[in-house]
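Examination of the molecular architecture
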Amino acid sequence: MAFEPPPRLVRALGETAPGDDWLEKLPEAARQAVALRELTVERVQVPGGRSSLVVLVRRADGTPAVLKLAPPRFRPEAERAALAHWGGSGAVQLLEPAAAGEGVLLLERLHPDVSVRSLPEPKALLEAAGTLRRLWVEPPGDHGFETVAERTGRQAEAMRATASGSAELGPLVDAALAARSELLASPPESRLLHGTFRQSKVLAGERVPWLAVGPDPVVGECAFDLARLVRDRVEDLIAQPSGAAITRRRVKRLAESLDVDQERLRGWTLFRAVESGVRARRVGRLQDAELLLEFAGWL
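In short, a report on the structure. It should be emphasised that the depicted structure is a prediction, and the values quoted were computed from it without experimental measurement.

Calculation criteria
Counting of residues starts from 1 at the beginning of each chain's written sequence and follows it residue by residue. A pLDDT threshold of at least 70 governs which residues receive local features in this predicted model, and a stricter bar of 80 or more applies before side-chain atom pairs are shown or counted, although totals over entire chains, interfaces and linings include all residues. With hydrogens and water stripped out, all remaining heavy atoms of the structure feed into the side-chain values. What makes a nonpolar core is a set of buried Ala, Val, Leu, Ile, Met, Phe, Trp, Tyr and Cys residues whose side-chain atoms join them at distances within 4.5 Å. The rule is simple: take the accessible area with a 1.4 Å probe, protein chains only, and divide by the maximum for that residue type; under 20% is buried, over 50% is exposed, in between is partly exposed. Note on conventions: DSSP H or I runs of at least 4 residues are helices, E runs of at least 2 residues are strands, and numbering of each starts at the N terminus. Only Phe, Tyr and Trp rings take part, Trp by its six-membered ring, and two of them pair if their centres are within 6.5 Å. Stacked means planes under 30 degrees apart, edge-to-face means over 60, and tilted covers everything else. Strands are treated as partners if at least two bridges between them are detected by DSSP. Multiply 1.5 Å by the residue count of a helix minus one, and that product is the helix's expected span. The contact criterion used throughout is that any non-hydrogen atoms of two residues lie within 4.5 Å. Salt bridge, as used here: a side-chain nitrogen of Lys or Arg that lies within 4 Å of a carboxyl oxygen of Asp or Glu.

Some thoughts on the nonpolar core
Grouped together as the largest cluster of nonpolar side chains are 71 residues, with contacts concentrated most on Leu226 and Leu265. Counting residues in hydrophobic clusters, the runner-up holds 18 residues, among them Leu13, Ala30, Leu53 and Val104.

Some points on the environment of Asp236
Residue position: Asp236 is located in helix H8 (residues 234–239). Judged by relative accessible area, which is 39%, Asp236 ranks as partly exposed. Along the sequence, Asp236 and Val213 sit 23 residues apart, while their C-alpha atoms lie 24 Å from each other.

Points about the packing of aromatic side chains
On inspection of all chains with the given rule, the structure shows three aromatic pairs. Centre to centre, the rings of Trp268 and Phe271 are 5.8 Å apart; their planes meet at 90°, and the pair counts as edge-to-face. One end of the pair, Trp268, and the other, Phe271, are both in helix H10 (residues 262–282), three residues apart, so they sit about a helical turn from each other. Phe271 matches Trp268 in its accessibility class, with the two residues each being buried. In this structure an aromatic cluster arises from ring pairing among Phe224, Trp268 and Phe271.

Topic: the pairing of strand E3 (residues 64–69)
In regular strands, side chains alternate between the two faces of the sheet. Most of E3 sits out of view: five of its six residues are buried. Bridge count between strand E2 (residues 53–58) and E3: six bridges; the pairing is antiparallel. What sits directly across from Val54, in E3, is Lys68. In the sheet, E3 pairs with strand E4 (residues 104–108) via five bridges, with the strands oriented antiparallel. Paired with Leu67 across the bridge in E4 is Leu106.

Concerning helix H5 (residues 148–163)
The end-to-end C-alpha distance of H5, which contains 16 residues, comes to 22 Å, matching closely the 22 Å that a straight helix rising 1.5 Å per residue would cover. Considering only its buried residues, H5 is in contact with helix H6 (170–185), strand E6 (191–193), strand E9 (218–220), helix H7 (222–230) and H10. A positive phi of about 80° marks Gly165, the residue just after H5.

Observations concerning the pattern of salt bridges
One pass over the structure, following the stated rule, counts 25 salt bridges. Between Glu146 and Arg154 there is a salt bridge, with the nearest N and O atoms lying 2.7 Å from each other. Residue Arg154 is classed as partly exposed on the basis of its relative accessible area of 42%. Between Glu275 and Arg279 there is a salt bridge, with the nearest N and O atoms lying 2.9 Å from each other. Of this pair, Glu275 and Arg279 both sit in helix H10, four residues apart, which is roughly one turn of the helix. Among the ionic contacts, a cluster of salt bridges with common partners joins Arg75, Glu146, Arg151, Arg154 and Asp216.

Geometric values such as these leave the question of function open.
Next up, the structure:
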């Protein structure tokens with residue numbers, strides 16, 4: 001079978017790392033991974049994600065599974081370590097704890113086309129938040145995960161560089177960076193976090209109704225993780241005349257439901273929305289940038 005990467009993945013990798021040869025090597029890497037594990041390929045998941053190739057397979061005993069291949073810059077080995085630590089609680093089960101090929105994960109098969117995003121918005125937020133709560137555990141004592149301070153430090157540098165000299169971006173970036181500095185001064189807890197959690201990262205499963213997939217794990221305070229969920233379906237929020245009020249109510253409701261400080265959640269939501277908006281502008285996704293920066297202005 002030809003392992004053609006979906007167009008969505010090709011576009012995303014072209015934005016983030018032009019000139020990288022990972023895509024060229026991908027078909028052969030996928031064939032080797034399949035052969036090594038004696039897998040039967042059903043299909044490549046389309047449209048798939050922006051950072052990995054996902055292949056629906058069956059193991060030698062007929063058990064359905066997922067083979068995932070990702071470039072090193074998306075930290076697949078950190079994903080492996082986080083999934084192993086969660087042990088299937090709240091997240092997809094890792095079927096192959098030991099690495100057998102760099103950037104290759106063999107995972108429990110969920111329902112790849114059914115995410116919590118398919119539910120009505122209030123129910124989707126409730127189910128997503130409940131899933132996220134199960135992931136917030138103490139990290140391993142000898143963990144090598146990136147911290148929130150480290151990750152946002154890299155992001156802050158890129159934000160400053162992009163916003164330099166921009167009268168439009170400058171005030172929002174300044175506000176986001178000020179919020180980050182204040183938040184990092186006194187973090188209330190240190191937990192293993194999903195890192196990139198949103199409704200589309202929660203898929204329907206068999207052993208439990210909903211499980212998280214695709215973490216980019218990081219260690220830090222819970223409000224950082226929850227912040228990405230606040231802006232889910234941002235295009236729908238922007239389209240509503242009362243979008244700003246709905247956003248403020250969402251911050252309050254999510255903070256209360258997960259015992260997170262409301263102001264810390266607002267601050268991290270601001271930082272993450274501005275960071276994503278600035279990054280979208282930097283790579284030419286101007287419509288996404290406009291939505292995210294307008295959303296950030298409500299905070």
